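Survey of secondary and tertiary structure
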Amino acid sequence: LTPMYVSFLALILVLWAISLLEEFVTIVRWWRILGSFVCNDPPDRRPFVVVTDDEIQVRYVPQPYCLIVVAFLLSPRTIIFIATAGLGTQFLLVATSYGDLIMNSLALTFL
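Now for a look at the structure at hand. (Residues numbered from 1 in each chain as written. Predicted model: local features only at pLDDT ≥ 70, side-chain atom pairs only at ≥ 80, totals over all residues. Heavy atoms only, no water.)

Okay, the overall build of the protein chain next. On a plain count of helices and strands, the protein chain comes out with three helices and two strands. Along the protein chain, helices and strands appear, N-terminal first, in the series α-β-β-α-α. Taking 13 Å as the expected radius of gyration for a compact globule of 111 residues, we find that the protein chain reaches 21 Å, considerably beyond that expectation. For the C-alpha atoms alone, the extent of the protein chain along its principal axes is close to 65 × 30 × 20 Å. Looking at the protein chain alone, contacts between residues at least 24 apart form 55% of all its contacts between residues at least 6 apart. With the model as given, the accessible surface of the protein chain reaches about 8,200 Å², and the carbon-plus-sulfur share is 71%. (Helix = DSSP H or I, 4+ residues; strand = E, 2+ residues; numbered from the N terminus. Rg over C-alpha atoms; globule rule 2.2 N^0.38 Å. Contact = heavy atoms within 4.5 Å. Areas by Shrake-Rupley, 256 points an atom, 1.4 Å probe, with all protein chains shown as cover.)

Written out as structure tokens, the structure reads:
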């Protein structure tokens, strides 16, 4: 491997990481929201949605709904992200020529 190829590979890996960044931030936000006060049932059992003339305020989400979101949406999304990031990086690292690297990076853009 020539130094120029290693530099090109590093550039492609950085671009791959940048393309994953938006999904990573979205997943982290969802985990933070569901782990915060939103999913904790308050002791006073106040209404969880308050509707006024100009806004709708969600005070909390009942825990059964939070568990459904975690089980069927957030956990699979996190697992798919981790698998895609790991396997995509390995997919780029096994390329041995410029043509293979360009084609592999192009294939990953469609994921």
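What follows continues from the structure just given.
The tally for this structure, following the rule as stated, stands at four aromatic pairs. Where Phe8 meets Tyr98, the ring centres are 5.6 Å apart and the plane angle is 55°; that geometry is what we call tilted. One end of the pair, Phe8, is in helix H1 (residues 3-35); the other, Tyr98, is in helix H3 (residues 98-108), and 90 residues separate them in sequence. Its relative accessible area of 23% is what places Phe8 among the partly exposed residues. You can call Tyr98 partly exposed: its relative accessible area is 35%. (Phe/Tyr/Trp six-rings, centres within 6.5 Å; stacked < 30°, edge-to-face > 60°. Buried < 20%, exposed > 50% of the residue type's maximum accessible area, 1.4 Å probe, protein only.)

Purely spatial values, then, with no claim about function.
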